[in-house]
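Structural characterization, general
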Amino acid sequence: MSEVASVLFGREDIRRRVEELGRSITGDYEGREPVLISVLKGGSMFLADLMRSIALPLEVEFMAISRYGNATESLGRVRILMDMRGDIVGRHVIVVEDIVDTGLTLSYLITTLRARGPESIAICTLLDRSVRRIAPIDVRYVGFDCPDRFVVGYGLDHRERYRNLADILAVPDVAALERDPGALTPLLAG
Ligand code: IMP
């Protein structure tokens, strides 16, 4: 394993936990047809696995958003870079996220979605870094509690790299990765 990062959540643990989340959602939404909204790009790998673990008819939509500056500067204001195609009036929406950190981005997004008239909205995140939460948001489904360390892999990036790592790695020294952004390349497809 690299000195720059170590495995925080391995692929087998992720697989098992995602299946559990899928079973919970299947039970909670029995008789309904939820719309899963994936927030690009980080949530895409989680969505791909999660949706296969949900034994219900469902729809999938994608949105891409970007913050103005960092979370605190922007007060969570986000710009919608790509909106979903369908509408969510009267629908049961589940927003699928990679990680909820300050919660600012997501709370703004939820306000935007709520104005579109869904029957319900729930949040499902793979990682919850609740120690950094600023905006109080109700996260119904959490894969893992995440320590206060930068993470990459399984959809999460560092400067757009490493989304394709199968495990989730913690990067204790982000400055080292900044100095050598390719340091984790040997771990890809490993
Ligand atoms: P929040 O508004 O602070 O909750 O921002 C959450 C977003 O920041 C996530 O959807 C990720 O895209 C990104 N993010 C937060 N922490 C990390 C991390 O440790 N690695 C990679 N991306 C992260």
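Preceding this section is the structure that the text describes.
Along the backbone of the protein there are five helices and nine strands. Put simply, the protein runs from its N terminus to its C terminus through helices and strands in the order β-α-β-α-β-α-β-β-α-β-β-β-β-α. In summary, the protein has a C-alpha radius of gyration of 17 Å against a globular reference of 16 Å for 190 residues, a match within 12%. Sorting the 190 residues of the protein into buried and exposed places 48% on the buried side. Within the protein, counting contacts between residues at least 6 apart in sequence, those at least 24 apart form 63% of the total.

Here we have three strands laid out as an open sheet, ordered 1-9-8, and antiparallel in their pairing. Here the strands that pair on one side only, and so sit at the sheet edges, are strand 1 (6–9) and strand 8 (150–152). The sheet shows a mean angle of 45 degrees between the axes of neighbouring strands, direction not considered. Where strand 1 meets strand 9 (residues 168–171), three bridges bridge the pair, whose relative direction is antiparallel. Pairing of F9 across the sheet is with I168, part of strand 9.

Scanning all chains against the criterion turns up one aromatic pair. Considering the side-chain rings of F9 and F144, the 4.2 Å spacing of their centres and the 15 degrees angle between planes classify their relative orientation as stacked. With a gap of 135 residues between them, F9 in strand 1 and F144 in strand 7 (residues 141–145) connect regions that are remote in the sequence. What makes F144 buried here is its relative accessible area of 14%.

On to the site of the ligand. Neighbouring residues of the ligand: 15 residues in total, closest T102, G103, T105, R129 and V151. A distance of 3.3 Å separates an oxygen atom of the ligand from a polar atom in the side chain of E97. Its free accessible area being 500 Å², the ligand has 83% of it covered by the protein chains. If you tally residues by element for the shell around the ligand, the top one is strand 5 (residues 92–100), at four residues. Per-class residue counts for the shell around the ligand are six nonpolar, three polar and six charged.

Turning our eyes to something else, we now look at a nonpolar patch on the surface. Together, F62, L81 and M82 line one region of the surface with nonpolar side chains, adding up to about 270 Å² of accessible area. By secondary structure assignment, the location of L81 is in strand 4 (residues 78–82).

With that settled, consider unusual backbone geometry. In this structure, the amide linkage connecting L40 to the following residue, K41, adopts the cis form with an omega of 0 degrees. Its place among the elements puts K41 in the loop between strand 2 (35–40) and helix 2 (44–52). At Y154, a position not held by glycine, the phi torsion is positive, near 50 degrees. Position of Y154 among the secondary structure elements: in the loop between strand 8 and strand 9. Judged by its relative accessible area of 6%, Y154 falls in the buried class. A positive phi angle, near 50 degrees, is found at R159, a position not held by glycine.

This model, assessed by the stated rule, comprises 16 salt bridges. The residue R16 makes a salt bridge to D13 at a minimum N-O spacing of 2.8 Å. On the criterion of helical spacing, the pair formed by R16 and D13 is a turn pair, its members being three residues apart in helix 1 (residues 11–28). Judged by its relative accessible area of 41%, R16 falls in the partly exposed class. For D13, a relative accessible area of 37% translates into the label partly exposed. One salt bridge in this structure joins E20 and R17, with 2.7 Å as the shortest N-O distance. In this pair, E20 and R17 both sit in helix 1, three residues apart, roughly one turn of the helix. The partly exposed category is assigned to E20, whose relative accessible area is 36%. Judged by its relative accessible area of 23%, R17 is partly exposed.

Calculation notes
Residues numbered from 1 in each chain as written. Predicted model: local features only at pLDDT ≥ 70, side-chain atom pairs only at ≥ 80, totals over all residues. Heavy atoms only, no water. Helix = DSSP H or I, 4+ residues; strand = E, 2+ residues; numbered from the N terminus. Rg over C-alpha atoms; globule rule 2.2 N^0.38 Å. Buried < 20%, exposed > 50% of the residue type's maximum accessible area, 1.4 Å probe, protein only. Contact = heavy atoms within 4.5 Å. Pairing = 2+ DSSP bridges. Axes fitted to C-alpha atoms, helices over the stretch in contact; angles between N-to-C directions. Phe/Tyr/Trp six-rings, centres within 6.5 Å; stacked < 30°, edge-to-face > 60°. Near = heavy atom within 4 Å. Polar contact = N/O pair within 3.5 Å; in protein donor to acceptor, adjacent residues only side chain to side chain. Areas by Shrake-Rupley, 256 points an atom, 1.4 Å probe, with all protein chains shown as cover. Nonpolar A, V, L, I, M, F, W, Y, C, P; charged D, E, K, R; others polar. Patch = residues over 30% accessible without salt bridge, like charges linked within 9 Å, V, L, I, M, F, W, Y side chains within 5 Å. Salt bridge = Lys/Arg side-chain N within 4 Å of Asp/Glu carboxyl O.

In short, the description is geometric, and any link to function would need to be established separately.
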